[in-house]
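# Chain and residue survey
One letter stands for each residue in the lines below.
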Amino acid sequence: MRTIRQSFLLAGKDLALELRTKESLNAAAAFSVVILLLFSFVIDPGTEEAKEFGSGMLWLVFAFAGALVFNRGFSRELPNECLDTLLASPLSAASLVLGKAIANLAMLIVVEIISLVVFGLFFDIRWWLRPAELAGVSFLATWGISVIGSVFGALTVNLRLRELMLPVLIYPLLLPLLMGAIETSIKILANQPFTDYEWLWMRVLVVFDVIFTSLALALADTILVN
Amino acid sequence: MRKKSIYLLAGAGGLLLIYNLYRIFLVLPDEAMQGAIYRIIFFHVPSAFTAMSAYFAGLVLAMLYLSSGDLKYDSLAASVNEVGWAFSIVNVTTGMIWARIIWGIWWAWDFRLTSVLVGIIVYGGYLMLRKAIDEPTQRARLSAALSIFGSIDMVIVWKSIEWFRTQHPGPVLSIRTGGGNIDPAMEHMIYWNWLAIGLIAMAIVLIRTGQEAMSREIDSLRRLANAYESPISEAVTHE
Amino acid sequence: MAAAIELNRVWKFYGDYPALNDLTLAIEERQCCALLGRNGAGKTTLLRVLAGLSPYQKGVVSLFGEKPRGPNARQRTGFLGHGIGVYEDLGALENLKFFARTLDVDKPSAAASKWLDRVGLTRVAQMPVRQFSRGMRQRLALARTFLHTPDLLLLDEPFTSLDDRAIAMLSDLLIEARLRGATIVLSTHQLREALAIASHVALVENGKLRFTGQRTQEMLEDPALLYRLYTKLGAD
């Protein structure tokens with residue numbers, strides 16, 4: 001309970017900083033729009049093809065935009081040695097990782113909403129017809145991406161090659177999660193109900209989230225206190 | 001002691017490998033459907049087993065390091081993961097050669113191939129991470145954490161790609177099928193060659209562990225030299 | 001008197017190199033201990049271990065009877081490292097309010113305003129730290145360190161990075177802290193200033209404790225004395 005309260009305090013601080021500087025959000029949103037624009041030259045908008053590939057395209061955009069957000073996550077604490085100050089305070093390392101994950105989630109969801117609006121306009125796809133499934137899949141997958149982004153942001157924060165190492169480490173780990181998100185989102189974009197196959201993938205998303213959130217919290221001290 | 005075990009393991013593995021090569025190429029007949037190329041399985045499957053056992057040992061060693069703080073587990077973990085990585089590449093390369101002959105293509109997005117490829121990328125990241133950190137204790141802690149994330153992820157990757165796509169030949173070994181899918185002589189040959197490759201892998205692990213320990217010692221000597229570098233006068237002149 | 005800090009045969013390694021080498025040290029409540037030693041002797045490492053920022057491999061470290069990462073130990077400790085530990089893009093008051101919340105201070109807003117006033121920054125309470133001068137930042141960092149009236153202060157080289165006004169302020173704050181019964185550990189190069197404040201000294205060399213005891217009049221008169229007497233290389 002204490003950890004959760006502390007992590008919301010940290011997430012609130014991060015979001016306040018982000019609102020002021022908008023360094024991550026501007027970069028991530030601009031990046032997403034540009035990638036969607038480039039994809040519109042590859043995939044013909046308005047075709048059946050666009051519906052099928054749209055799902056994969058969207059999740060790749062979210063994952064790549066995520067790396068821009070995550071790279072800033074813990075490195076925001078580096079100037080003035082704020083990370084040391086936070087670690088020397090009564091906050092637990094787990095609450096730091098969780099707080100960053102919550103902030104990541106909030107920022108990534110903003111990027112997703114912007115991307116979806118642009119995607120709907122560019123590709124003429126009505127993505128909002130199954131809101132419950134859309135919200136469920138987006139939340140589960142984005143949380144998983146955010147937790148991995150947070151914990152690996154912590155792991156790479158003191159490395160020389162931080163910006164390079166983070167994507168190299170997180171994308172292979174995110175593979176099962178992204179597969180689940182892409183497979184289920186195909187049905188959402190096509191406005192078809194989920195079958196057993198999609199529910200199986202939903203379970204993968206839940207399992208992934210539970211396992212990696214627990215691992216992140218359990219290993220937070222090992223990773224941050226060095 | 002370490003030197004002796006290295007010679008012993010490498011010697012035994014090498015001799016066994018030579019004997020196995022003789023059996024594989026001169027004693028065992030061609031396979032009915034595939035002809036001569038099937039012989040690659042005697043390297044393909046044992047190197048996959050070796051890689052998997054190495055990664056599993058890497059996970060156990062990472063947990064041992066985190067619970068004990070003893071850097072010898074970290075050296076061993078680094079070595080087994082590196083050897084596992086090398087054998088994954090042997091595994092994929094031999095598999096691709098076989099696939100080119102039998103399937104006519106170098107690569108198929110089958111779940112086994114994809115999982116092994118993901119493993120190569122994950123553990124490649126592990127090796128890169130180790131290169132990027134200079135301080136041995138920090139390197140040990142962070143790479144142990146990555147190793148735990150990576151190996152657990154591999155299990156989920158394996159299961160999920162299995163649902164997604166399958167093209168690879170199904171299980172043939174009798175431990176998975178209960179027997180009947182493979183000639184016992186061929187199956188035994190796989191196990192014998194696993195033993196040979198495993199012994200050689202262990203010898204390499206021991207060599208690598210020794211190197212890791214030595215590089216840690218060099219690092220500590222460098223730190224010791226630096227500790228004596230700044231003269232005492234520096235501490236007093238500030239007033 | 002109860003010990004605020006106890007280290008019992010503590011080892012901390014960077015690889016095979018012992019940065020803290022079988023170090024045993026007790027600092028009692030109300031003491032002000034100056035950690036002396038050359039660059040790389042282990043002063044910063046020791047302070048980081050005490051601040052819960054760095055793990056140690058062997059031995060026992062306790063702060064008020066708790067492990068260094070324990071929430072109670074952390075709540076009672078104020079830490080000032082080399083960085084000022086405040087956010088450039090938040091205002092001075094926002095910074096203090098945030099840290100007051102992380103430190104479980106009773107009335108975060110009131111405490112923040114009070115400390116802002118104390119360090120003379122009320123006029124610029126809303127201004128982001130980015131626009132502050134060096135001296136203003138340092139005073140804000142002092143307010144951040146003393147915000148929760150800590151029982152234990154861990155200060156790493158506090159005098160080297162501060163300007164004159166901030167040093168005067170820190171000296172006042174330290175005297176005040178000592179009067180209310182706080183324990184202070186500070187590492188320093190500025191022997192004179194540190195020795196003037198300290199009640200005790202601890203001399204570290206190569207991660208080993210070479211000397212610990214009360215600060216004497218002789219030390220004040222000849223700051224290099226300890227080095228000559230107790231380090232292997234002497235005062236070269």
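Before going into details, it helps to say that this report is about the structure given with it. (Residues numbered from 1 in each chain as written. Chains lettered and ligands numbered in written order. Predicted model: local features only at pLDDT ≥ 70, side-chain atom pairs only at ≥ 80, totals over all residues.)

Residues and elements named next belong to chain C. Taken together, six strands build an open sheet; the order of strands is β5-β6-β7-β3-β8-β9 and the sheet is mixed. Both outer strands of the open sheet, β5 (77-80) and β9 (208-214), are each paired with one neighbouring strand and no more. For this sheet, the mean angle separating the axes of adjacent strands, direction not counted, is 15°. The sheet contact formed by strand β3 (residues 32-36) and strand β8 (residues 200-205) spans four bridges and is parallel. The residue of β8 that forms the bridge with L35 is A202. Together, β3, β6 (152-156), β7 (183-187) and β8 form the strand contacts of helix α1 (residues 43-50), whose direction differs from that of β7 by roughly 145°. (Pairing = 2+ DSSP bridges. Helix = DSSP H or I, 4+ residues; strand = E, 2+ residues; numbered from the N terminus. Axes fitted to C-alpha atoms, helices over the stretch in contact; angles between N-to-C directions. Contact = placed C-beta atoms within 7 Å.)

The terminal C-alpha atoms of helix α1 (residues 2-21) of chain A lie 29 Å apart, and with 20 residues this matches the ideal 28 Å at 1.5 Å per residue to within 8%. Along α1 of chain A, the residues that are buried comprise Q6, S7, L10, A11, K13, D14, L17 and E18 of chain A. Looking down the long axis of α1 of chain A, one finds its buried residues gathered within 155° of arc, a one-sided arrangement. Opposite the packed face of α1 of chain A, turned more than 90 degrees from it, sit the exposed residues R5 and L19 of chain A. If you follow the buried residues of α1 of chain A, they end up packed against α2 (23-42) and α5 (93-123) of chain A together with α3 (92-102) of chain C. Of the residues flanking the end of α1 of chain A, it is K22 of chain A, one or two places downstream, whose phi is positive at about 55°. (Expected span 1.5 Å × (residues − 1). Buried ≥ 20, exposed ≤ 12 C-beta atoms within 10 Å, placed from the backbone. Arc of directions from axis to C-beta.)

Residue and element names in this part refer to chain C. Strand order in the open sheet made by the three strands is β2-β1-β4, with antiparallel pairing throughout. Two strands bound the open sheet, and with one partner strand each, they are β2 (17-28) and β4 (58-63). Sheet twist, expressed as the average angle between the axes of neighbouring strands with direction ignored, equals 20°. Pairing of strand β1 (residues 3-14) with β2, which is carried by eight bridges, proceeds in the antiparallel orientation. Counterpart to L7 in the pairing with β2 is L25. Contacting β1, β2 and β4, α1 runs over the sheet at an angle of about 65° to β2.

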